[in-house]
Each structure stands twice: as C-alpha cells, then as structure tokens.
Amino acid sequence: MACPLTATLGTGAEMPLLGFGTWQALGGELEAALETALQSGYRHIDTAAFYGNEGDIGKVLEAWIAAGKGTREELFLVTKLPPAAMRPAGVRKSVERSLRALRTDYIDLFLIHVPVAFVERGDEMLPLGDDGEVILDRDSDFVAVWKAMEEEVDKGCVKAIGLSNFTENQIQRVLDNCRIRPANLQVELHVYMQQRPLVAFCNTQGITVTAYSPLGSPGLEKVYAACGLEKVMPDILRNPVVEEVAARLGKSPGQVLLRHTVQRGIAAIPKSTNEARIAQNIQIFDFELSPEDVEKLDALDLGETGRICDLKFAVGLQKHPEYPF
C-alpha cells in the first residue's frame, strides 16, 4: 500500500507522519541531534514543557531559520500543557511560556500532556511532598481545561489542540463537551502495544494518532531507577520476527518498526541522539511491508500487557482519580 508522508488534521493542516521525539534530551546533546534531524529532513518536532528542553529547541530552530535553511511555515511544532498547569488559568500561562521558549509566534499542535493534574508550586514541573510522592490536584477538570485550550485556538496562538495519554472514555468526555474537537491523540504505541481499539475509536472520530516510544524506550529504565523503581524494558529492536523481516528487506529493525506504524496512517516520533540512527529512522518511505510481513508484526501485539510507560516514575501518580492506566 502507498503510504502518505503526512496525516491531515481536522483543521486541514498536514502533520508529517515521521517526527523527531525529544524526551530525555537536553542542552548541547539535544541541540546537535536536532540540527542533524533538520538536515535529515525532519520537520515535525515534538516536545513538552515537562521535558525542560523547549528553550534548547527554540535556540536551534531560530538559528536554522535565520541561516536561511528553512522557514517557520515548514515546521510542525508540538508541545504540551504540563500537569502542574492543568487548570483553566494555567493554559494561557503555559502557552505564553512555550511560545517564548520555542521562539515562535504560534504552536502547530498543543496537547494536554496527561489527564491528571499536579498542584501548582512556583515553576516546578514535578512538585513532590515530603514522602517523595508527587502532590496531586485531585479536583482538576480536564473538560474545563479543554475550553481554555479552545480559547488559545481562537487567539491564533495555537493552530490545533489535542490530547495525550487519554483513554477512550476520557476522550469521549471531551468530545461531549467541546466546541473544537481534538485534532490528535498521542499515546504509547509500538509493535508490542498496537492500541488497535483506541486507534479504531479515534479513526471514527476524525482524530489523528501519534505514537510515542514507537521503538520501545530503553532509556526509561534509568528514569524509573532514579525514582527507586525497577523496570526492565523489552528490547523490541531485537525481536526475532522484527530482525527477520529487516534482514530480508535490507532495512534496519527500527525502520521496519516505524514503517509498520506509519503504514497504518499513524504518526511516529522516535527519539535518538545518534546521528546515524536519526538519519536512518526517517528513511522509511521508500519501501512497503507486504501483507505477510504486516501479519507477522501484527501478531506481536500484547495489548495492555505490552505497555512500557505507565508514568509511575512520577511516584503516586496512580492515586489520581483520572490516572489513565
């Protein structure tokens, strides 16, 4: 099947199907990686206030545009409302902060990062109590937050709005109370967790889907370990089925996994700071997976048990009434 290069949002905007993920990358390492990504053809850049790297990204993009290497209009910038700003009054403040950091006049896609909320304590992204657990705002209302998100679209500061880490039920609650429908849902999605019921629901609602951790997320082990939690990440890239398909096609396992996702019309935002892999990951539009190969890869789906990122590295998060997993 022919695979498009973009997904069309409900707004009519085109979102590149292959984007550059930036979680767990900061400073000079991220700046060098982003420069490589831009040179390799990436134009969809994904970040979040919670990642603490919007300023690094803005610095690179401003220099790239000033050097005449491209225009702002060619870029598709995605960022997210942090849990500590999950209240209507926090939306405007967060948008303004992201615009300043990214050095841009508008955000192409602004997502609610998670359906849960933290208390606001200064500029802290992860306010912790004396017990080491995140301090939750249990009375948050993401439907009210969504209405504030709609106002940012009205102002032109945000071109499209969407959700991240929401369940079908939570998405439906937004749909039942919205004036502007969600344009995109970003969720963990890879060959071990293919999210088929949720993707099917989004397709019926005209909501595009973006896959984070499309190659797995081995770096998450360190994130959990830093919180005193032990979590072993599966090595999806070395799955025998993936390796067999890749070897036969003369492609890398990463390219096969990414192709499997985008061939479903789902955007993917792999993160890498390795120059060769960054360039390699975007080279997935010159081949197709056969129905037989798709069937083999589809069979690797473990459903909910395949989830890698349950967000419990924010210790205590699961105690929030809107915890989605």
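Note that the structure is a prediction, hence the values are computed from the model and not measured. (Residues numbered from 1 in each chain as written. Predicted model: local features only at pLDDT ≥ 70, side-chain atom pairs only at ≥ 80, totals over all residues. Heavy atoms only, no water.)

1. Points about the nonpolar core
Formally: The set of buried Ala, Val, Leu, Ile, Met, Phe, Trp, Tyr and Cys residues whose side-chain atoms join them within 4.5 Å is what this entry labels a nonpolar core. Relative accessibility thresholds used throughout: buried, under 20% of the residue-type maximum; exposed, over 50%; partly exposed, between the two (1.4 Å probe, protein chains only). The secondary structure listing takes helices from DSSP runs of H or I that are at least 4 residues long and strands from runs of E that are at least 2 residues long, numbered from the N terminus. Contacts: residue pairs with any heavy atoms within 4.5 Å of one another.
Membership of the largest hydrophobic core comes to 66 residues, with the highest contact counts inside it found for Leu 18, Phe 20, Leu 34, Leu 220 and Leu 317. When contributions to this core are tallied by element, the ones reaching two or more residues are helix 1 (27-40), helix 2 (54-66), strand 5 (76-81), strand 6 (109-112), helix 7 (220-226), helix 8 (240-249), helix 9 (253-262) and strand 10 (267-268). Per-element accounting of this core gives the leading share, five residues, to helix 1. Once you skip the residues sitting within four places of it in the chain, Phe 20 turns out to touch Leu 30, Ala 33, Leu 34, Ala 37, Tyr 42, His 44, Ile 45, Asp 46, Ile 269, Pro 270, Ser 272 and Ile 278. Counting residues in each nonpolar core, the second largest holds 35 residues, with Met 86, Val 143, Leu 175 and Ile 266 among its members.

2. Comments concerning the pattern of salt bridges
As a reminder of what qualifies: Any Lys or Arg side-chain nitrogen found within 4 Å of a carboxyl oxygen on Asp or Glu counts as a salt bridge.
Taken as a whole and judged by the stated rule, the model has 24 salt bridges. As a salt-bridge pair, Glu 244 and Lys 296 come within 3.6 Å of each other at their nearest N and O atoms. With Glu 244 in helix 8 and Lys 296 in helix 11 (residues 291-298), this residue pair connects regions lying 52 residues apart in the sequence. Given the relative accessible area of 34%, Glu 244 is considered partly exposed. What makes Lys 296 partly exposed here is its relative accessible area of 36%. Ionic pairing is found between Lys 251 and Asp 286, a salt bridge with its closest N-O pair at 3.3 Å. Residue Lys 251 is located in the loop between helix 8 and helix 9, and its partner Asp 286 is located in the loop between helix 10 (275-281) and helix 11; the two are separated by 35 residues in the primary sequence. Assessed through its relative accessible area of 54%, Asp 286 is described here as exposed.

3. With respect to unusual backbone geometry
Among all residues except glycine, the phi angle is most often negative; among peptide bonds, the trans geometry is most common. Even without being glycine, Arg 103 reaches a positive phi, approximately 55°. With respect to the secondary-structure elements, Arg 103 resides in the loop between helix 3 (88-102) and strand 6. On the basis of relative accessibility, which here comes to 45%, the residue Arg 103 falls in the partly exposed class. With a phi angle near 65°, Leu 311 is a residue other than glycine that sits in the positive phi range. Within the secondary structure, Leu 311 sits in the segment after helix 11. The class of Leu 311 is buried, set by a relative accessible area of 9%.

4. Observations regarding helix 4 (residues 142-155)
Defined as follows: In this scheme, a helix's expected span is set at 1.5 Å multiplied by one less than its residue total. Whenever a nitrogen or oxygen atom comes within 3.5 Å of another N or O atom, the pair is scored as a polar contact, on the condition that within protein one atom can donate a hydrogen and the other can accept it, and that pairs from neighbouring residues in sequence are kept only if both atoms are in side chains.
An ideal rise of 1.5 Å per residue puts 20 Å on 14 residues; helix 4 measures up with 20 Å between its terminal C-alpha atoms. Every buried residue of helix 4 is listed here: Phe 142, Val 143, Val 145, Trp 146, Ala 148, Met 149, Glu 150 and Glu 152. Looking at the buried positions of helix 4, the neighbouring elements they touch are strand 5, helix 3, strand 6, strand 7 (161-164) and helix 5 (168-175). Its side-chain oxygen 3.0 Å from the backbone nitrogen of Val 143, Asp 141 forms the N-cap of helix 4.

5. Regarding the sheet that holds strand 3 (residues 19-21)
Using the following cut-off: Here, strands pair whenever DSSP counts at least two bridges between them.
Pairing within the open sheet is parallel, and its eight strands lie in the order 3-4-5-6-7-8-9-10. Two strands close off the open sheet at either side, each with one partner strand: strand 3 and strand 10. Summarising the sheet, strand 5 and strand 6 pair through four bridges and their orientation is parallel. Bridge assignment links Thr 79 to a residue of strand 6, and that residue is Phe 110.

6. What about the packing of aromatic side chains?
Note the following rule: Here is the rule: rings of Phe, Tyr and Trp (six-membered ring for Trp) pair when centre to centre is within 6.5 Å. Planes less than 30 degrees apart are stacked, more than 60 are edge-to-face, and the remainder are tilted. Sitting over a ring, as applied to charges here, requires NZ of Lys or CZ of Arg to be within 6 Å of the ring centre and within 35 degrees of the ring normal.
Inspection of the entire model under this criterion finds six aromatic pairs. Here a set of aromatic residues connected by ring pairs shows up, and it is made of Trp 23, Tyr 51, Tyr 224 and Phe 313. If you follow Arg 72 out to its NZ or CZ, it ends over the ring of Tyr 106, 3.9 Å from the centre. Above the ring of Tyr 106, the side-chain terminus of Lys 159 is found at 4.9 Å from the ring centroid.

7. Quick word on the UniProt feature "binding site: substrate" (unreviewed entry) in the protein
Quick reminder of the rule: UniProt positions are given in the numbering used here, feature names are shortened, and annotations may be inferred rather than shown by experiment.
In the numbering adopted here, UniProt assigns the feature "binding site: substrate" (unreviewed entry) to His 113. Its location among the elements puts His 113 in the loop between strand 6 and helix 4. The contact partners of His 113, leaving out residues within four places of it in the chain, are Ala 48, Phe 50, Tyr 51, Lys 80, Leu 81, Ser 164 and Asn 165.

8. As for the packing of helix 3 against helix 4
Cut-off, in case you're wondering: Note on geometry: axes are lines fitted to C-alpha atoms, helical ones only across the stretch in contact, with angles between N-to-C directions running from 0 to 180 degrees. Crossing handedness is defined as follows: a turn of the near helix away from the far one that is anticlockwise and smaller than a right angle gives a left-handed crossing, while the clockwise case is right-handed. By the convention adopted, Pro, Cys, Tyr, Trp, Phe, Met, Ile, Leu, Val and Ala count as nonpolar, Lys, Arg, Asp and Glu as charged, and the other residues, Gly among them, as polar.
Interhelical geometry of helix 3 versus helix 4 gives an angle of 40° and a closest axis separation of 8 Å. Considering how the two elements wind past one another, helix 3 and helix 4 form a crossing that is right-handed. Where helix 3 approaches helix 4, its residues Pro 88, Val 91, Arg 92 and Val 95 are matched on the opposing element by Ala 144, Val 145, Ala 148, Met 149, Glu 152 and Lys 155. Across the contact of helix 3 with helix 4, the residue classes break down as seven nonpolar, no polar and three charged.

9. Points about the packing of helix 2 against helix 3
Short version of the rule: Angular relationships are summarised with four words: roughly parallel below 35 degrees, roughly antiparallel beyond 145, roughly perpendicular across 65 to 115, and oblique for the angles in between.
Following both chains from N to C, one finds helix 2 and helix 3 inclined at 45°, their axes separated by 7 Å at the closest point. What the angle tells us is that helix 2 and helix 3 run oblique. Contacts between helix 2 and helix 3 pair Glu 54, Gly 55, Ile 57 and Gly 58 from the former with Ser 98, Ala 101 and Leu 102 from the latter. A breakdown of the residues in the contact of helix 2 with helix 3 according to their chemical character gives three nonpolar, three polar and one charged.

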